[in-house]
Amino acid sequence: MPAPVNEKLNTVFGAAARDARMRLGLTQADVAERVGIAMEVYSRMERGRMLPRAQNLRRLCDVLAVSADVLLGVGRGATPVLSRAPWREEEPAELRRLMRTLRELDPRRLKAVSRVVNAMVAVLPVPVAPAPVARKKGAAKKGSMKKRRPAG
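Each value, and the rule that gives it
- Residues numbered from 1 in each chain as written.
- Predicted model: local features only at pLDDT ≥ 70, side-chain atom pairs only at ≥ 80, totals over all residues.
- Heavy atoms only, no water.
- Helix = DSSP H or I, 4+ residues; strand = E, 2+ residues; numbered from the N terminus.
- Buried < 20%, exposed > 50% of the residue type's maximum accessible area, 1.4 Å probe, protein only.
- Contact = heavy atoms within 4.5 Å.
- Areas by Shrake-Rupley, 256 points an atom, 1.4 Å probe, with all protein chains shown as cover.
- Salt bridge = Lys/Arg side-chain N within 4 Å of Asp/Glu carboxyl O.
- pLDDT = per-residue confidence, 0-100.
- Core = buried A, V, L, I, M, F, W, Y, C linked by side-chain atoms within 4.5 Å.

**Observations regarding the overall build of the protein chain**
- The secondary structure content of the protein chain amounts to seven helices and zero strands.
- Along its sequence from the N terminus, the protein chain presents helices and strands in the succession α-α-α-α-α-α-α.
- Across the 152 residues that make up the protein chain, the buried fraction comes to 24%.
- Intrachain contacts of the protein chain at a sequence separation of at least 6 include 55% that bridge at least 24 residues.
- About 12100 Å² of surface is accessible on the protein chain, with carbon and sulfur atoms providing 59% of the total.

**Concerning the pattern of salt bridges**
- Using the criterion set out here, one finds seven salt bridges in the structure.
- Across the pair Asp30 and Arg100 runs a salt bridge, and its minimum N-O distance is 2.5 Å. In this pair, Asp30 is assigned in helix α2 (residues 28–35) and Arg100 in helix α6 (residues 93–103), connecting sequence segments 70 residues apart. Of the two residues, Asp30 and Arg100, neither departs from the other in class, the shared state being buried.
- For Arg100, the salt bridge is made with Glu33, and the minimal N-O distance between the two is 3.7 Å. Pair noted here: Arg100 is in helix α6 and Glu33 is in helix α2, with a separation of 67 residues, a long-range link.

**With respect to the environment of Gly14**
- Of note, Gly14 is situated in helix α1 (residues 5–24).
- Look at Gly14 and you get buried, because its relative accessible area is 0%.
- In the structure, Gly14 is positioned 30 residues away from Arg44 in sequence and 8.3 Å away in space, judged by C-alpha atoms.
- Aside from chain neighbours lying at most four places away, what touches Gly14 is Met45 and Glu46.

**Notes on the environment of Arg18**
- Locating Arg18 in the fold gives a position in helix α1.
- With a relative accessible area of 34%, Arg18 lands in the partly exposed category.
- Residues Arg18 and Ser43 lie 25 residues apart in sequence; the distance between their C-alpha atoms is 9.4 Å.
- Among all residues touching Arg18, those that are not within four sequence positions of it are Tyr42 and Glu46.

**Focus on the confidence of the model for the protein chain**
- Looking at the protein chain as a whole, the pLDDT averages 79, with 72% of positions reaching at least 70.
- Within the model, the stretch residues 78–88 combines pLDDT values under 50 with 19 contacts to residues more than four positions away or in other chains.

**Details of the nonpolar core**
- Among the nonpolar cores identified, the biggest contains 20 residues, and Phe13, Val31, Tyr42, Leu60, Leu64 and Leu71 are the most heavily contacted of them.
- Among the secondary structure elements, those contributing two or more residues to this core are α1, α2, α3 (39–46), α4 (54–64) and α5 (68–72).
- Sequence-distant contacts of Leu60, defined by excluding residues within four places in its chain, comprise Phe13, Val31, Val35, Tyr42, Met45, Pro52, Ala65 and Leu71.

Below, the structure is given as structure tokens:
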């Protein structure tokens, strides 16, 4: 017997949401935070266990930069929409996770963490890019040159 329509829709929605999220390089927690839902709820959506409410569907479309047609598996192919999200997509996932953690701290603890980070950054060595080594054409490899004896 075929799966009920809701199960098929849930599965299609979950796969489309996961594909869009992965394309953007976001974590489930990133998407959930930007949509304004619990990470566990978004995770259930991606696993095909539930569908979003209408207002959350609209937010998901904005965050994932896809149309509702794509997420619901209707219409012809993928119809991406321009992202109106106010975040910087080039931020690494580790930085986004750290920012989420910091947002949950009370002001006193946030100030303490800030002091620790500033103290650590102040003592870290400044990374220096290695200077490119210029080799002359036909130059001998290191260790292959014979030592010359002084004339005398």
